[in-house]
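# Inside the fold
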Amino acid sequence: MPRLPIRDDLQKMQGYHSAQVTVPVRLNTNESPYPPPAEFTTELGRRIADIAWNRYPDRTASALRAAIARSHGVGADQVFAGNGSNEILQTLLLAYAGAGRKVLTFEPTYQLHAHIARITGAEVVSAPRGNDFRIDQSKLAEVFSTHSPDVTFVCSPNNPTGVVEDEKTVRAIIDSAPGLVIVDEAYAQFASWSAVDLVDESRALVVTRTYSKTWSMAAARLGYLVGPKWLVDEIDAVVLPYHLDAAKQIAGALALEFTNDMNSRVREIVASRDQIESAFSALPVDFWPSGANFILFRPRSMDGRKVWSDLVEKGVLIRDCSSWPGLTNCLRVTIGTPEENNLFLKSLAEVLSQ
Ligand code: PMP
């Protein structure tokens, strides 16, 4: 039977995957190790029972957007919500990238930025990060004049390095980038500052966030952006009608009533992150101080892939970044519960001492 070939520009692309192995300790996808509070789940069940399931949901997700806006001290017309921050990124790229436009990434960074940009038909250009995986401010003018990107991505804290960019660097990027700047803040709650405060009607800056990490809601697929009103108006052109289901809208607004619980979990994870970083200092690994809920590290004298597979044998799954460009031999571990972290550290010490 004749088969329609996939678009020429997609033929060499592969989907985005993370190895899913069934093991007792899963520290590979940067989720929260804890479920949301029980009161949240009980109340959500109640509210979901009241949904008029035969009707389409509120198309503009007005209650959710108002709740998110309040949490950031911005207007509801500066917020747009979607099915995970990946969908937010896709929406932005559909609107502002696409065929004939250029998207700039600072590598190594979150692979989906380039991946989604290519799916929209855009050309992806990249600039290398400098020492310690930081964006080199002194090279910005050259990078922007060489590439003239329509869209520039800044991921802070950066996945998979955990590095938080200085406010000075992010301001310099916003001031000198020729097009739209997207600051991906999937992990912002674990960091010391946020670019949300820089969002302003006069700047082509948008900040993206997710409920998948801090809010313990990876299963819900909910993310959002905070940006200028004109941008929120414009992206309406590419959004599917009723893209955000009623249950998710309710879950997202309800979660914000549990901000104190979430903040205390963030403090716990940050404390565990500090403990793992001090444990790393006593092991034969290099690591990069992290502002996220994960840490990138590199065994000094053992093959990264071997360390990863030996850990899997011991029932601990982390992320193998060892063959990714610019990350030779590197591995990334998500902060888990104290028990999971101890098991990881104990197994790692055993593997490294073989
Ligand atoms: N941005 C970054 C930097 C991420 O690491 C992730 C999750 N891996 C996302 C966006 C997507 O998050 P989600 O779609 O679950 O909101």
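Residues numbered from 1 in each chain as written. Predicted model: local features only at pLDDT ≥ 70, side-chain atom pairs only at ≥ 80, totals over all residues. Heavy atoms only, no water.

## Considerations on the sheet that holds strand β9 (residues 285-288)
The strand order across the open sheet formed by four strands is β9-β10-β13-β12, and the pairing between neighbours is antiparallel. With partners counted over all chains shown, the strands left at the sheet margins are β9 and β12 (319-320), one partner each. Note: β12 against strand β13 (residues 331-334), two bridges, orientation antiparallel. The residue bridging R319 from the neighbouring strand is R332, located in β13. (Pairing = 2+ DSSP bridges. Helix = DSSP H or I, 4+ residues; strand = E, 2+ residues; numbered from the N terminus.)

## Thoughts on the site of the ligand
The immediate surroundings of the ligand are formed by 13 residues, with S85, D184, Y187, T210 and S212 found nearest. Note that an oxygen atom of the ligand is positioned 3.0 Å from one of the backbone N or O atoms of N86. Within the side chain of R221, an N or O atom sits 2.7 Å from an oxygen atom of the ligand. Contact with the protein chains removes 92% of the 400 Å² of surface that the ligand exposes when unbound. Considering each element in turn, the shell around the ligand owes the most residues, three residues, to helix α3 (residues 84-96). (Near = heavy atom within 4 Å. Polar contact = N/O pair within 3.5 Å; in protein donor to acceptor, adjacent residues only side chain to side chain. Areas by Shrake-Rupley, 256 points an atom, 1.4 Å probe, with all protein chains shown as cover.)

## Quick look at the domain arrangement of the protein
Split by domain assignment, the protein resolves into domain 1 (8-36 + 260-352) and domain 2 (51-258). A straight line from the C-alpha centre of domain 1 to that of domain 2 covers 24 Å. Domain 1 puts 35 residues into the contact, and the matching count from domain 2 is 28 residues. Between domain 1 and domain 2, a total of about 2500 Å² is buried, with carbon and sulfur atoms accounting for 66% of that surface. Linking domain 1 with domain 2 are zero salt bridges. Counting the contacts that link domain 1 with domain 2 gives 10 residue pairs in polar contact (both at pLDDT 80 or more). For the side of domain 1 that touches domain 2, a count of residues per class yields 19 nonpolar, 10 polar and six charged. (Domains from an automatic or database assignment. Contact = heavy atoms within 4.5 Å. Buried area = accessible area lost by both parts, 1.4 Å probe. Salt bridge = Lys/Arg side-chain N within 4 Å of Asp/Glu carboxyl O. Nonpolar A, V, L, I, M, F, W, Y, C, P; charged D, E, K, R; others polar.)

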